[in-house]
Amino acid sequence: MRTSRIKFVVLFLVAAFVFLFGTTGLLDQAPEAFLGSSAQQGWQSVVSTILSPVKIILIGPLLPFINFLHQDPDTPPPFFLIGFAFYWTFLALAIHYLLSKMRHQQVKG
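Residues numbered from 1 in each chain as written. Predicted model: local features only at pLDDT ≥ 70, side-chain atom pairs only at ≥ 80, totals over all residues. Heavy atoms only, no water.

Q: Which parts of the structure should I look at to understand the confidence of the model for the protein chain?
A: Where the model shows low pLDDT, its predicted coordinates should not be examined in detail. Looking at the protein chain as a whole, its pLDDT mean stands at 82, while 90% of the residues score no less than 70. Here helix α3 (residues 63-69) is the element of the protein chain with the lowest mean pLDDT, 79, and helix α1 (residues 5-25) is the one with the highest, 90. (pLDDT = per-residue confidence, 0-100. Helix = DSSP H or I, 4+ residues; strand = E, 2+ residues; numbered from the N terminus.)

Below you can see the structure in the form of structure tokens.
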């Protein structure tokens with residue numbers, strides 16, 4: 001099944017935001033935290049540890065951006081969301097490109 005680039009990027013952005021808010025809300029975890037903490041319950045710590053590689057890819061490169069924006073205590077939340085969306089759009093485009101190259105090689109070969 002072929003997915004257009006725009007549809008893939010939109011689905012990726014929606015999934016990434018759901019993942020971010022899910023790990024923040026359900027797992028009681030700060031957005032910049034990667035592993036479980038002692039404040040979490042046992043199952044929350046285990047799930048946080050399992051999801052940490054995904055979180056490292058989605059949020060890891062944005063840590064300097066997050067730390068820079070946290071210097072001002074009155075930073076409006078849209079700046080964080082815009083930064084996440086900007087990075088995730090480029091990440092989604094790169095993933096879509098790699099998947100389309102792989103699909104093209106399978107069809108060709």
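Q: What is the right way to read the packing of aromatic side chains from this model?
A: The way to describe two aromatic rings as a pair is by their centre distance and the angle between their planes. Inspection of every chain in the model, using the stated rule, returns 5 aromatic pairs. Here the aromatic rings of Phe-84 and Trp-88 are separated by 5.2 Å at their centres, their planes lie at 15°, and the arrangement is stacked. Taken together, the residues Phe-84 and Trp-88, both in helix α4 (residues 77-108) and 4 residues apart, mark about one turn of the helix. Residue classification places Phe-84 among the buried positions, given a relative accessible area of 5%. (Phe/Tyr/Trp six-rings, centres within 6.5 Å; stacked < 30°, edge-to-face > 60°. Buried < 20%, exposed > 50% of the residue type's maximum accessible area, 1.4 Å probe, protein only.)

Q: Hey, could you run me through the nonpolar core in this one?
A: Soluble globular proteins tend to bury their nonpolar side chains together. Judged by nonpolar contacts, the single largest core of 19 residues is most densely connected at Phe-12, Leu-58, Ile-59, Ile-66, Phe-84, Trp-88 and Leu-91. Sorting the residues of this core by element identifies α1, α2 (42-59), α3 and α4 as the ones contributing at least two each. Considering each element in turn, this core owes the most residues, 8 residues, to α1. With residues up to four places along the chain from it excluded, the contact list for Leu-91 reads Phe-12, Ile-57 and Leu-58. (Core = buried A, V, L, I, M, F, W, Y, C linked by side-chain atoms within 4.5 Å. Contact = heavy atoms within 4.5 Å.)

Q: Explain a nonpolar patch on the surface to me, please; I cannot follow it from the model alone.
A: The grouping of Ile-6, Val-10, Val-14 and Val-18 at the surface amounts to a nonpolar patch, some 390 Å² of accessible area in total. Note on placement: Val-18 falls in helix α1. Assessed through its relative accessible area of 57%, Val-18 is described here as exposed. (Patch = residues over 30% accessible without salt bridge, like charges linked within 9 Å, V, L, I, M, F, W, Y side chains within 5 Å. Areas by Shrake-Rupley, 256 points an atom, 1.4 Å probe, with all protein chains shown as cover. Salt bridge = Lys/Arg side-chain N within 4 Å of Asp/Glu carboxyl O.)

Q: Explain the side chain of Gln-44 here, please?
A: One can find Gln-44 in helix α2. Of the residues examined, Gln-44 reaches a relative accessible area of 9% and is grouped as buried. In this structure the side chain of Gln-44 is engaged in a polar contact, spanning 3.0 Å, whose partner is the backbone oxygen of Leu-26. Beyond its immediate stretch of four places on either side in the chain, Gln-44 contacts Leu-26, Leu-27 and Asp-28. (Polar contact = N/O pair within 3.5 Å; in protein donor to acceptor, adjacent residues only side chain to side chain.)

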